[in-house]
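Coordinate inspection notes
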Amino acid sequence: GAGVSQSPSNKVTEKGKDVELRCDPISGHTALYWYRQRLGQGLEFLIYFQGNSAPDKSGLPSDRFSAERTGESVSTLTIQRTQQEDSAVYLCASSINWGALGYTFGSGTRLTVV
Amino acid sequence: ILNVEQSPQSLHVQEGDSTNFTCSFPSSNFYALHWYRWETAKSPEALFVMTLNGDEKKKGRISATLNTKEGYSYLYIKGSQPEDSATYLCATNFGNEKLTFGTGTRLTIIP
């Protein structure tokens, strides 16, 4: 597509429920990143996919978080047993390859855990 | 821990005035410095990418400079307009593939 698309744009969920966030990167972009921004904090790296290589999961905050990507297309970020501290804006970005000078971001999913 | 720091955290500027803010980062293993503008409910928008010490980039009323030896970048906005209100993020690669972001400078232009 023309840009990075994320869905849903807003999600309110009850504590303890699972949520799934979706990212459609730009066609042809082999690299895909998930970041989040919690209130008052900077953008925090979560996970990175590059082509068919093993993903860099070093930023995932706990084992309740997981992400998958099918080939070089859609990615889903799953949060199990959500907690209030998971409330944040979750941003997805893609780039043409590793080391590309610039990412294209989606508009994010605002997750609120009540 | 690789820290990217931005200052100030927030800034209110009268319409028509010029302003600037700072991004500082460790100078070792530097790869590239990125500036993004992030308006509420929108995607962060890439403004500049700079790689070389002494780089200066300009887009309209916005410009940026880079000093990789001392580890800082400045973003300048000349003649601020209400549409400049946003959070300005800087980020670096530190020689690997993922960007490390600062906490941003929230700019509010007062009409």
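Figured I'd write up the structure that's included with this text. (Residues numbered from 1 in each chain as written. Chains lettered and ligands numbered in written order. Predicted model: local features only at pLDDT ≥ 70, side-chain atom pairs only at ≥ 80, totals over all residues. Heavy atoms only, no water.)

Quick look at the side chain of Ser94(A)
Residue and element names in this part refer to chain A. With respect to the element layout, Ser94 can be found in strand E8 (residues 88-95). At 3.5 Å, the side chain of Ser94 and the backbone nitrogen of Ile26 are in polar contact. When neighbours within four sequence positions are excluded, Ser94 is seen to be in contact with Val4, Pro25, Ile26, His29, Ala31, Leu32, Tyr33, Tyr103 and Thr104. (Helix = DSSP H or I, 4+ residues; strand = E, 2+ residues; numbered from the N terminus. Polar contact = N/O pair within 3.5 Å; in protein donor to acceptor, adjacent residues only side chain to side chain. Contact = heavy atoms within 4.5 Å.)

Focus on the interface of chain A and chain B
Taken residue by residue, the interface counts 20 residues in chain A and 20 residues in chain B. The junction of chain A with chain B conceals about 1,700 Å² of combined surface from both sides, 64% of it contributed by carbon and sulfur atoms. Applying the counting criterion to the chain A and chain B interface returns zero salt bridges. Our count for the contact surface shared by chain A and chain B stands at six residue pairs in polar contact (both at pLDDT 80 or more). Among the secondary structure elements, those contributing two or more residues to the side of chain A that touches chain B are strand E4 (31-37), strand E5 (44-50) and E8 of chain A. Top element by residues in the side of chain A that touches chain B is E4(A). It accounts for three residues. Taken together, the residues of the side of chain A that touches chain B break down into eleven nonpolar, eight polar and one charged. (Buried area = accessible area lost by both parts, 1.4 Å probe. Salt bridge = Lys/Arg side-chain N within 4 Å of Asp/Glu carboxyl O. Nonpolar A, V, L, I, M, F, W, Y, C, P; charged D, E, K, R; others polar.)

Some thoughts on the sheet that holds strand E7 (residues 75-79) of chain A
Residues and elements named next belong to chain A. Reading across from one edge, E1-E3-E7-E6 is the order of the four strands in this open sheet, with antiparallel pairing throughout. Of all the strands in the sheet, the pair left with one neighbour each is strand E1 (5-7) and strand E6 (65-69). Taken pair by pair, the neighbouring strands of this sheet meet at an average axis angle of 15°, ignoring direction. (Pairing = 2+ DSSP bridges. Axes fitted to C-alpha atoms, helices over the stretch in contact; angles between N-to-C directions.)

A look at the state of the cysteines
Counted by the stated rule, this structure contains two disulfides over all chains. Here Cys23(A) connects covalently by a disulfide to Cys92(A), the sulfurs 1.9 Å from one another. The sign of the -65° torsion about the S-S bond sets the Cys23(A)-Cys92(A) disulfide as left-handed. Of the two residues, Cys23(A) sits in strand E3 (residues 19-24) while Cys92(A) sits in strand E8, which places them 69 residues apart along the sequence. Here Cys23(B) engages in a disulfide with Cys90(B); their sulfurs sit 1.9 Å apart. In this structure the cystine formed by Cys23(B) and Cys90(B) twists about its S-S bond by roughly 70°; its chirality is therefore right-handed. Here Cys23(B), found in strand E3 (residues 19-24), pairs with Cys90(B), found in strand E9 (residues 86-92); they are 67 residues apart in sequence, far enough to count as distant. Each member of the pair, Cys23(B) as well as Cys90(B), is classed as buried. (Disulfide = S-S within 2.5 Å. Buried < 20%, exposed > 50% of the residue type's maximum accessible area, 1.4 Å probe, protein only.)

What to know about unusual backbone geometry
Look at the link from Ser7(A) to Pro8(A): it is a cis peptide, with omega at -10°. The residue Pro8(A) is located in the loop between E1 and strand E2 (10-13) in this model. Residue Pro8(B) is reached from Ser7(B) by a cis peptide bond, and omega for that bond is -5°. Tracing the sequence through the fold places Pro8(B) in the loop between strand E1 (5-7) and strand E2 (10-14).

Shape descriptors only; they carry no functional weight alone.
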